[in-house]
Amino acid sequence: MAHLLSTSCTLKISSGYKPYSRLTQDSVASFPTSFTFQTSKSPFKSLVLPGERSGGGNCNIVQATTISSSREASKNPSSVFDQSSTEPSKSQKVMVIGGDGYCGWATALHLSKKGYEVAIVDSLVRRLFDHQLGIDSLTPIASIHNRIRCWKSLTGKNIELYIGDICDFEFLSESFKSFEPDAVVHFGEQRSAPYSMIDRSRAVFTQHNNVIGTLNVLFAIKEFREQCHLVKLGTMGEYGTPNIDIEEGYITITHNGRTDTLPYPKQASSFYHLSKVHDSHNIAFTCKAWGIRATDLNQGVVYGVKTEETDLHEELSNRLDYDGVFGTALNRFCVQAAVGHPLTVYGKGGQTRGYLDIRDTVQCVELAIANPAKPGEFRVFNQFTEQFSVNELAALVTKAGNKLGIEVKTTSVPNPRVEAEEHYYNAKHTKLIELGLKPHLLSDSLLDSLLNFAIKYKDRVDTKQIMPSVSWKKIGVKPKTVAA
Ligand code: NAD
Ligand code: USQ
């Protein structure tokens, strides 16, 4: 049985833990890789909260929930939102794996507001990465327990919390049996391409964490919730940058006089992006073999920080990464402009990608849940709203900065990645629009607000973390432990 854990639990960290080693251009090779949490042999395998173990053995099961009984319906729904006509017809239960992260937190709150019964499953490993690399979110973020408590006190809505690693199948099984989800939204992966390219151990960790985690989710659905709809976060980067239009998941090809509709070719360009390709293959196979119903959301690069729900209270604030490992292009450029750092365009800057506002991420996920895939269907949506090259983003941020009286400069940084810097890019993205997505396109006002937000927190910026520090070409086997 799942244990209900009080919110006052704290993580115990072994004495070998060195939270402030920094990842800099010169020190990639020398930062420690062997931080461990108490009782966990692998540096990454599980986060263990003391005193909460399953019936013996090595299995690290930790499950937590908010103080109040999780199944209790909200008795005092707050009036902070107008809920008319947005509630799902019956209360659907949605498990948000990775719900403490950037996309997951915003989505969990959005779904909870919309009347879904939500449970967050998270190992909190992302907070550990920050400690390991000596980086931090631009915004101060509350603990997951305080976030959930704050949400409950403002809205009356309960969010269940299961803390553990989905690579641990026993933990995941217990979470499934306890919560009984109708849909699982799976954000719970190591999502940084540079992180996956630091060294062998990060490459292996990324692929193990992502591929085995997803495989476990598929087995948990098969074993315990056959009808459960899997909404999996994939990435546009699975397709690479082919010299033809990118379709949504499938392409019809005529070859030697015969025609078939086949999965669109994948050309990922980091060990992280490759983990998403492997995930997609495993999901597609289990849809066919076991009749799993799944939606793969090939998401573009997300920008922005505020959503209607996270904006309610500062304890609900979302994270905003700006560093060279976890920060993504547009978010980084806004923070760089705010602190007077030249915008870091890698190489020629013609790299073009799909982008979307975080308010659209939460909308897309809700649309996917509300319109589920059929049993056995492997559905693929390209989840972005606009395409930009890096140079175009830099020009937009420069213009927005100038409007606010900030002088913005751009610098061309030798590209740390191996990627095309000038290429054709035209990716389809109509399926979510057909389901009702109303995009928040990148506008002057959004850029103003993101820049103002970055200015508000600019004293928290560690400018040493801005330049890229991980090279695709210099990846190698790094020493396992290094003196501090
Ligand atoms: P994030 O790092 O902020 O959040 C991921 C969360 O998953 C973290 O809270 C982490 O602790 C948790 N997690 C990781 N491995 C886990 C495991 N084994 N068990 C339990 N929890 C685990 O990342 P994000 O930016 O919110 O991205 C979420 C998902 O969306 C990822 O799958 C990512 O690939 C995808 N995505 C993100 C972007 C983007 O721009 N941020 C773009 C496209 C796709
Ligand atoms: N780039 C710069 N300067 C920077 C940062 C990035 O020129 O300071 C360039 C990169 O070289 C790349 C492009 O901007 O060509 C996008 O890079 P990014 O860091 O914003 O995004 P990426 O590494 O692709 O990864 C992010 C998320 C990942 C998600 C992916 C969606 O971290 O989880 O899967 O966006 S996509 O790009 O569509 O694959």
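Placed above this text is the structure.
To start, this report covers the structure provided alongside it. (Residues numbered from 1 in each chain as written. Chains lettered and ligands numbered in written order. Predicted model: local features only at pLDDT ≥ 70, side-chain atom pairs only at ≥ 80, totals over all residues. Heavy atoms only, no water.)

1. A few points about the site of ligand 1
Note the following rule: Residue proximity to a molecule or strand is established when one non-hydrogen atom of the residue lies within 4 Å of it. Here a polar contact is recorded for every N or O atom pair within 3.5 Å, except that within protein the pair must consist of a potential hydrogen donor and a potential acceptor, and residues adjacent in sequence are included only if both atoms are side-chain atoms. Three residue categories are used. Nonpolar comprises Ala, Val, Leu, Ile, Met, Phe, Trp, Tyr, Cys and Pro, charged comprises Asp, Glu, Lys and Arg, and polar comprises the others, including Gly.
Contacts to ligand 1 come from 27 residues, most closely from Cys-103, Asp-122, Asn-209, Tyr-272 and Lys-276. Gly-188 has a polar backbone atom sitting 3.2 Å from a nitrogen atom of ligand 1. Residue composition of the shell around ligand 1, grouped by class: 10 nonpolar, nine polar and eight charged.

2. Observations concerning the pairing of strand 4 (residues 183-186)
Worth spelling out the cut-off: A 1.4 Å probe rolled over the protein chains alone gives each residue an accessible area, and that area as a share of the maximum for its type sets the label: buried under 20%, exposed over 50%, partly exposed in between. Secondary structure elements are taken from DSSP: a helix is a run of H or I of four residues or more, a strand is a run of E of two residues or more, and numbering for both begins at the N terminus. Strand pairing requires that DSSP identify at least two bridges connecting the strands.
The alternating pattern of strand 4 places Ala-183 and Val-185 and Val-184 and His-186 on opposite faces, both of which are buried. The pairing of strand 1 (residues 93-97) with strand 4 spans four bridges and is classified as parallel. Its bridge partner lying in strand 4, Met-95 is registered against Val-184. One ladder, built from four bridges, connects strand 4 with strand 5 (residues 229-235); its direction is parallel. When the sheet's bridge partners are listed, His-186 is paired in strand 5 with Lys-232.

3. Here we look at helix 1 (residues 102-113)
The following threshold applies: Each helix should span, by expectation, one fewer than its residue count multiplied by 1.5 Å.
Given a rise of 1.5 Å per residue, 12 residues ought to cover 16 Å, and the 17 Å separating the end C-alpha atoms of helix 1 matches this to within 8%. For helix 1, a buried count of 12 out of 12 residues is recorded, marking the element as mostly surrounded by other parts of the structure. Of the positions making up helix 1, those classed as buried are Tyr-102, Cys-103, Gly-104, Trp-105, Ala-106, Thr-107, Ala-108, Leu-109, His-110, Leu-111, Ser-112 and Lys-113. Once helix 1 ends, the next one or two residues include Gly-115, with phi positive near 100°.

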